[in-house]
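Each chain, written out:
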Amino acid sequence: MRVLLLSRHSSRGASSRLRHLQYLDDFRANGWTVEVSPLFPALYLDALYSGRGWKRHLVRGYLRRFLTLLRIRQFDLLIIEKELFPFLPAWAERAIRGLGIPCMVDYDDAQFHRYELHRSGLIRRLLGRKIDAVMHNASLVTVGNQYLADRARQAGARRVEVIPTVVDAARYQPAMTRREGPPVVGWIGTPKTSHYLQPLLPAFAALQQEMSIRFMAIGAHPSDFADSVVEVRPWTEETEVRSLQQCDIGIMPLPDSPWERGKCGYKLIQYMACGLPVVASPVGINNEIVKDGLEGWLASTKDEWIAALRSLATNREQGRQMGLRGREKVESWYCRQVQAPRLLAAARQAVDGRDTG
């Protein structure tokens, strides 16, 4: 079986790496031949985060993708991450359906909101229903949560499968030894998402005044937290697990807005896989991943965040028990080992045209 994976990024991009690239060995072990064709090279993300030179990579990426699409009849299945050409109509996706080539399209965020809630009225008019059209024309839509699944069904998708964004449970492990010193509250992300931490800075400062506690942001831009209590650490794929193992608590603050309701809670799964108790905003899938008082705490207001973090910082045994429950949840559902067979079955069903149920 020949598969063309039309990802958004190389392994440098989190969504591409987690939703598909981490499963390549599983595909190949089952006799699938997978050709990966990212829209953007790794340098694109570096340019985007720096704000310099990203348009050059954008134009080159669109040209490469167009040339790649000229070969799609060589493949038995296309897997598309989100869409083929961002900010262009769904002409290519409609053409693929017309050619009768099986196509899976995948979403791990509410890409449809990017267009329908865009500040430009022209974008809203031209592209507001684009993602619905992409979903409608796909043989199968895979999504990371129920919020996205509901939208796919509303768009008239023929088949929809919920496959959570997960970690490799063999790679993500709790620390072997218990770390000494003040408790460390950790967050992991990118320079584009570290703004979610900003509303919590007053709570962090208040806690640090009353106790010995540290706050770490892995993958944030240092200048964003230069005058705060937050310590910034670099992110690399090779060191991310080790960085998380240096933390005692994992956090995922989010505002309750349409885009955030479409997120897949991957940070929480990373923390829980490393045996960390978590504190999260009760937004979207966070309510499903974290049961308040079991794997961690849900917090909305500043006072709730302070109380939750104080509780975990002062009661290490409580945190240890929550971390154990979180790790068990990851092993039972939120890991590649469980989801790989489901993804492969979905791909096979897309090719065969069988109903996913």
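Quick caveat, the model's predicted, so the values are computed rather than measured.

**Student:** Is there a simple way to think about the overall build of the protein in this case?
**Tutor:** Assigned secondary structure in the protein consists of 17 helices and 12 strands. What you see for the protein is a C-alpha radius of gyration of 21 Å, in line with the 21 Å of a compact globule of 357 residues. Principal-axis analysis of the C-alpha atoms gives the protein an extent of 65 × 40 × 35 Å. Out of the 357 residues in the protein, the part that is buried amounts to 54%. Here the analysis covers contacts within the protein between residues at least 6 apart in sequence; of these, 70% occur between residues at least 24 apart. On the protein, roughly 15,600 Å² of surface is accessible, and the fraction owed to carbon and sulfur atoms is 53%.

**Student:** Is there a simple way to explain helix α5 (residues 91-99) in this structure?
**Tutor:** Each full turn of the α-helix corresponds to 3.6 residues, which orients residues three or four apart in the same direction. Where α5 is concerned, the buried positions are Ala92, Glu93 and Ile96. The arc that holds every buried residue of α5, seen down its axis, measures 100 degrees, which confines them to one face. For α5, exposure combined with an orientation more than 90 degrees from the buried face picks out Trp91 and Gly98. At the C-terminal side of α5, Gly100 shows a positive phi close to 75 degrees.

**Student:** Even after reading the chapter, I still don't get unusual backbone geometry, so can you show me in this structure?
**Tutor:** The phi torsion of most residues other than glycine is negative, and most of the peptide bonds are trans. Positive phi values are uncommon outside glycine, yet Lys82 reaches one of about 75 degrees. Overall, the relative accessible area of 4% leaves Lys82 in the buried class. The residue Phe87 is not glycine, and still its phi comes out positive at about 65 degrees. Secondary-structure assignment places Phe87 in the loop between β3 (77-81) and α5. For Phe87, a relative accessible area of 39% gives the class partly exposed.

**Student:** Looking at this structure, I do not really get the pattern of salt bridges. What am I missing?
**Tutor:** Side-chain pairs of opposite charge can arise whenever the charged atoms involved come near each other. As enumerated under the stated definition, the model contains 22 salt bridges in all. Notably, a salt bridge pairs Arg129 with Asp132, separated by 3.6 Å at the nearest N-O pair. Given a relative accessible area of 56%, Arg129 falls into the exposed group. Judged by its relative accessible area of 7%, Asp132 is buried. The residue Asp132 makes a salt bridge to Arg151 at a minimum N-O spacing of 2.8 Å. Of the two residues, Asp132 sits in helix α8 (residues 130-137) while Arg151 sits in helix α9 (residues 146-154), which places them 19 residues apart along the sequence. The same class applies to Asp132 and to Arg151, which are both buried. When salt bridges that share partners are traced, they join Glu116, Arg129, Asp132 and Arg151 into one network.

**Student:** I'm lost on the sheet that holds strand β8 (residues 214-218) in this one. Help?
**Tutor:** The strands making up a sheet associate through hydrogen bonds between their backbones, and the pairing can be parallel or antiparallel. Taken in spatial order, the 6 strands of this open sheet run β9-β8-β7-β10-β11-β12, and their pairing is parallel. Each edge of the open sheet carries a strand with a single partner, namely β9 (230-233) and β12 (296-298). In this sheet, neighbouring strand axes are inclined to one another by 25 degrees on average, regardless of whether the strands run parallel or antiparallel. The pairing of strand β7 (residues 184-188) with β8 spans 5 bridges and is parallel. Its bridge partner being in β8, Ile188 is matched across the sheet by Ile218. Across the face of the sheet, helix α10 (residues 201-210) comes into contact with β8, β9 and β10 (249-252) while running at roughly 145 degrees to β8.

**Student:** Would you mind going over the packing of aromatic side chains with me for this structure?
**Tutor:** Here a ring pair, both rings aromatic, is described through the centre-centre distance and the interplanar angle of the planes. Enumeration according to the criterion identifies 5 aromatic pairs in this entry. Measuring from centroid to centroid gives 5.5 Å for Phe27 and Trp32, while their planes differ by 80 degrees, and the two rings are edge-to-face.

**Student:** Looking at this structure, how should I read the pairing of β9?
**Tutor:** Each regular strand displays side chains that alternate between the two surfaces of the sheet. Only one face of β9 is covered, namely the face carrying Val230 and Val232; the face carrying Glu231 and Arg233 is uncovered. Inspection of the sheet shows β8 paired to β9 by 4 bridges, in the parallel sense. Counterpart to Ala217 in the pairing with β9 is Val232.

**Student:** Help me understand the environment of Arg310, please; the structure alone is not making it clear to me.
**Tutor:** Note on placement: Arg310 falls in helix α15 (residues 302-314). Exposure remark for Arg310: the relative accessible area of 30% places this residue in the partly exposed category. In this structure, the C-alpha to C-alpha distance between Arg310 and Ile213, residues 97 residues apart in sequence, is 9.4 Å. Other than its neighbours up to four places away in sequence, Arg310 contacts Leu207, Glu210 and Met211.

**Student:** Teacher, can you tell me more about the sheet that holds strand β6 (residues 160-162) here?
**Tutor:** In spatial order, the strands read β2-β1-β3-β4-β5-β6; together these 6 strands make up an open sheet with parallel pairing. Edge positions in the sheet fall to β2 (33-36) and β6, since each has one partner strand and no second. Along the sheet, successive strands turn relative to each other by an average axial angle of 20 degrees, direction set aside. Summarising the sheet, β3 and strand β4 (residues 103-107) pair through 4 bridges and their orientation is parallel. Paired with Glu81 across the two strands is Asp106, which belongs to β4. Its contacts with the sheet place α9 against β4, β5 (140-143) and β6, and it is angled at close to 180 degrees to β6.

What counts and how
Residues numbered from 1 in each chain as written. Predicted model: local features only at pLDDT ≥ 70, side-chain atom pairs only at ≥ 80, totals over all residues. Heavy atoms only, no water. Helix = DSSP H or I, 4+ residues; strand = E, 2+ residues; numbered from the N terminus. Rg over C-alpha atoms; globule rule 2.2 N^0.38 Å. Buried < 20%, exposed > 50% of the residue type's maximum accessible area, 1.4 Å probe, protein only. Contact = heavy atoms within 4.5 Å. Areas by Shrake-Rupley, 256 points an atom, 1.4 Å probe, with all protein chains shown as cover. Arc of directions from axis to C-beta. Salt bridge = Lys/Arg side-chain N within 4 Å of Asp/Glu carboxyl O. Pairing = 2+ DSSP bridges. Axes fitted to C-alpha atoms, helices over the stretch in contact; angles between N-to-C directions. Phe/Tyr/Trp six-rings, centres within 6.5 Å; stacked < 30°, edge-to-face > 60°.

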